[in-house]
Amino acid sequence: MKRFLATLALIALVMSASAQQTIALDKSGESSVTTENGNLSINLAGMNFLFGSNQSKTTQSENSKKSSKAEFGFGGFMPSYNHLALFEIGSNFVVNTDFSNCEPAIQEALRFSHRKAVQLAINLMTMNVPFNPKRTLGFTLGFGFNTENYTFANNVTIKYEHGDFNIVELDASVKKSKLAISYIHIPMLFDWNIRNGFFISAGASLDILMGGKLSYKKPKVVAKSEIPLNPLQVGVTARIGWRRLYAYVNYSPLNMYKSYSGINANRMSAGMGLWF
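If you're wondering where the values come from, they're calculated on a predicted model, not measured in any experiment.

Student: Is there a simple way to explain the environment of Ile106 in this structure?
Tutor: Within the secondary structure, Ile106 sits in helix 3 (residues 104-109). Taking relative accessible area as the criterion, Ile106 reaches 10% and is therefore assigned buried. Considering only alpha carbons, one finds Ile106 and Ile158, 52 residues apart in sequence, at a separation of 8.8 Å. Discounting residues that sit within four places of it in the chain, Ile106 has contacts with Phe165, Asn166 and Ile167.

Student: What is the right way to look at the pairing of strand 6 (residues 87-98) in this model?
Tutor: A regular strand carries its side chains on alternate faces of the sheet. Across four bridges, the pairing between strand 6 and strand 8 (residues 119-130) is antiparallel. Paired with Ile89 across the two strands is Leu120, which belongs to strand 8. Where strand 6 lies against strand 17 (residues 264-274), ten bridges are found, and the strand directions are antiparallel. If you follow Ser91 over to strand 17, its bridge partner there is Ala270.

Student: Would you take a moment to explain the side chain of His185 for this structure?
Tutor: Take His185: it is sitting in strand 12 (residues 177-195). Within the structure, His185 has its side chain in polar contact with the side chain of Asp207 (distance 2.6 Å). Not counting the four nearest positions on each side in its chain, His185 is found in contact with Ala121, Asn123, Gly142, Phe143, Gly144, Phe145, Asn146, Ser205, Leu206 and Asp207.

Student: Just to check I follow, could you spell out the pattern of salt bridges for this structure?
Tutor: Oppositely charged side chains can pair when the atoms bearing their charge come close. Tallying each qualifying case throughout the model produces four salt bridges. Between Arg267 and Glu148 there is a salt bridge; the shortest N-O distance is 2.7 Å. Residue Arg267 is found in strand 17, and its partner Glu148 is found in strand 9 (residues 137-152); the two are separated by 119 residues along the sequence. When sorted by exposure, Arg267 lands in the same class as Glu148, which is buried. Within the structure, one salt-bridge network assembled from shared partners comprises Glu148, Asp207 and Arg267.

Student: Even after reading the chapter, I still don't get the nonpolar core, so can you show me in this structure?
Tutor: In globular proteins that are soluble, nonpolar side chains generally tend to be buried together. Formed by 22 residues in total, the largest nonpolar core has its most connected members in Leu110, Leu179, Met256 and Tyr257. Counting residues per element, the ones that place at least two in this core are strand 9, strand 10 (156-161) and strand 12. In terms of residues, this core owes the most to one element, strand 12, which gives three residues. When sequence neighbours within four positions are dropped, the list of residues in contact with Tyr257 reads Phe112, Leu179, Ile227, Pro228, Leu229, Asn230, Ile263 and Ala265.

Student: Before we go on, may I ask you to explain the environment of Tyr216 in this structure?
Tutor: Tracing the chain through its elements places Tyr216 in strand 13 (residues 198-217). We classify Tyr216 as buried; its relative accessible area is 16%. C-alpha of Tyr216 to C-alpha of Lys176: the two residues are 40 residues apart in sequence and 5.4 Å apart in space. The contacts of Tyr216, once residues within four sequence positions are left out, are Thr157, Leu170, Val174, Lys176, Ser177 and Val221.

Student: Could you clarify how one ought to interpret the environment of Thr97 in this entry?
Tutor: Its place among the elements puts Thr97 in strand 6. Overall, the relative accessible area of 42% leaves Thr97 in the partly exposed class. In this structure, the C-alpha to C-alpha distance between Thr97 and Arg111, residues 14 residues apart in sequence, is 9.2 Å. If we skip the residues at most four places from it in the chain, Thr97 touches Asn264 and Ala265.

Student: Explain a nonpolar patch on the surface to me, please; I cannot follow it from the model alone.
Tutor: On the surface, Phe131, Leu137, Phe190, Trp192, Ile194, Phe198, Ile200, Ile240 and Trp242 cluster together into a nonpolar patch covering about 930 Å² of accessible area. Listed by contribution, the elements that provide at least two residues to the nonpolar patch are strand 12, strand 13 and strand 15 (232-242). Element by element, the count of residues in the nonpolar patch is highest for strand 12, at three residues.

Cut-offs applied
Residues numbered from 1 in each chain as written. Predicted model: local features only at pLDDT ≥ 70, side-chain atom pairs only at ≥ 80, totals over all residues. Heavy atoms only, no water. Helix = DSSP H or I, 4+ residues; strand = E, 2+ residues; numbered from the N terminus. Buried < 20%, exposed > 50% of the residue type's maximum accessible area, 1.4 Å probe, protein only. Contact = heavy atoms within 4.5 Å. Pairing = 2+ DSSP bridges. Polar contact = N/O pair within 3.5 Å; in protein donor to acceptor, adjacent residues only side chain to side chain. Salt bridge = Lys/Arg side-chain N within 4 Å of Asp/Glu carboxyl O. Core = buried A, V, L, I, M, F, W, Y, C linked by side-chain atoms within 4.5 Å. Patch = residues over 30% accessible without salt bridge, like charges linked within 9 Å, V, L, I, M, F, W, Y side chains within 5 Å. Areas by Shrake-Rupley, 256 points an atom, 1.4 Å probe, with all protein chains shown as cover.

Note that every value here comes from positions in space, so none of it alone points to a role or purpose.
Structure (structure tokens):
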């Protein structure tokens, strides 16, 4: 999974560096090809494709104030009013845990350490739709991937067999035992651009499970065990920031495990959005 996410990040950065582009909806529907300020503009079937990175800041600023068109972003290039960074990095937690159906030893084994919990989201594509000409209000939709690492507090790993969790004791040479989960990540935000670059965003997110695996370092060993994770997660998300930097918090009220597992835990994460 690390190689997969690293490849996606590299593709996004290359797209940003070598072919920055914006797609804007054009109500005129006319087709044309023009060049200006080192940029290539192609109007085709009601959409405007802009290639290049030499557009002046003054022109961008003037256009952003007057434009009420939808904007699309690819990879590392994000539209002016988009509040989804290419990378979001932070910490993930499990809250509202309920292991009452498990034996005390299992409850202790299922505890995670928050000190080594790392969450990374990559927003590969975004769309920003303004609600008014001044773009003080808008809507942002993203598509990408999210990975979360949960490190066990104790030197154990677990197996889920025949409807029960079982403890697998690990020897002292093991450095870290964890559960890694990856999702397709689709955030949906309502944006309020306050003034002077400050903004607040809030909305929902949809996470579709790609996979979850247990592993521990001895060196790295992948434990072959199915984890009863909920395949679909719906949550709420909020952001507050200035220009191209923001803090975020995500929370999912749905159980991260399947109902028949007999345990309950909710996902929560917080961190920073970073542009490159």
